[in-house]
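# Secondary and tertiary structure notes
Single-letter residue listing:
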Amino acid sequence: MKVTDVRIRKITSEGKMKAVVSVTFDDQFVVHDIKIIEGQNGPFIAMPSRKMGEGDFRDIAHPINSDTRGMIQEAIFERYEELEAQEAAEAEAKAEAMGSEEESTEEIPE
């Protein structure tokens, strides 16, 4: 089984949840609503879950072993880091464009 697609929807509001992810396996099976959460020891993934009776949550889809969980987590974090780097580069390019725009609009003293 291979991860063939990872789609990330970043969460813009403040809080511990950073993104919601959909992972496709072998171009045939998808799991939606995996969450990237910022924890005390760094980010981690939380599998999709459903609220049960007394406020407990139970995973509705999850890997059976730690190797599979590691594979899924690695694919998600790799894509998330790519997205973060892309957004940082875009923000830097935008800041540079704004800086050069400000320089060209300054009045030249006589």
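The sections below set out a description of the structure shown in this document. As the structure is a prediction and not an experimental result, all values here were calculated from the model.

Glancing now at the pairing of strand β1 (residues 3-10). Strand direction decides the pairing type here: β1 and strand β2 (residues 17-25), joined by seven bridges, are antiparallel. Residue pairing across strands places R9 opposite V20, the latter belonging to β2. The hairpin formed by β1 and β2 contains six residues between the paired strands, and G15 there has a positive phi angle of roughly 145°.

Moving on: the sheet that holds β2. With antiparallel pairing, four strands are arranged side by side in an open sheet as β1-β2-β3-β4. Here the strands that pair on one side only, and so sit at the sheet edges, are β1 and β4 (42-46). Neighbour to neighbour, the strand axes of the sheet diverge by 25° on average, direction disregarded. Alignment of β2 against strand β3 (residues 29-39), held across seven bridges, turns out to be antiparallel. Bridged to M17 within β3 is I37.

Right, let's get into the environment of G70. Secondary-structure assignment places G70 in helix α1 (residues 66-105). It is 18 Å that separates the C-alpha atoms of G70 and V20, two residues lying 50 residues apart in sequence.

Along the chain, T68 falls in helix α1. For T68, a relative accessible area of 19% gives the class buried. Every residue in contact with T68, bar those within four places of it in the chain, is listed here: M1 and P63.

Before going further, it helps to examine the pairing of β2. Taking burial as the measure, the nine residues of β2 include seven buried ones, the bulk of the element. Here β2 folds back onto β3 in antiparallel fashion, the turn holding three residues, of which D26 has a positive phi close to 50°.

A few words on the environment of K18. Here K18 is to be found in strand β2. Note: C-alpha distance between K18 and V30 (twelve residues apart in sequence) is 20 Å. Setting aside its immediate chain neighbours within four residues, K18 contacts K10, I11, I36, E38 and Y80.

Here D26, not a glycine, exhibits a phi torsion of approximately 50°, which is positive. Examined against the element boundaries, D26 turns out to sit in the loop between β2 and β3. In this model, D33 sits at a positive phi of 65°, which is unusual for a non-glycine residue. Along the chain, the position of D33 falls in strand β3.

This part covers the environment of V30. When you line up the elements, V30 lands in strand β3. Here the alpha-carbon distance between V30 and V3, two residues 27 residues apart in the chain, equals 9.5 Å. With residues up to four places along the chain from it excluded, the contact list for V30 reads S22, V23 and T24.

Cut-offs and rules
- Residues numbered from 1 in each chain as written.
- Predicted model: local features only at pLDDT ≥ 70, side-chain atom pairs only at ≥ 80, totals over all residues.
- Heavy atoms only, no water.
- Pairing = 2+ DSSP bridges.
- Helix = DSSP H or I, 4+ residues; strand = E, 2+ residues; numbered from the N terminus.
- Axes fitted to C-alpha atoms, helices over the stretch in contact; angles between N-to-C directions.
- Buried < 20%, exposed > 50% of the residue type's maximum accessible area, 1.4 Å probe, protein only.
- Contact = heavy atoms within 4.5 Å.

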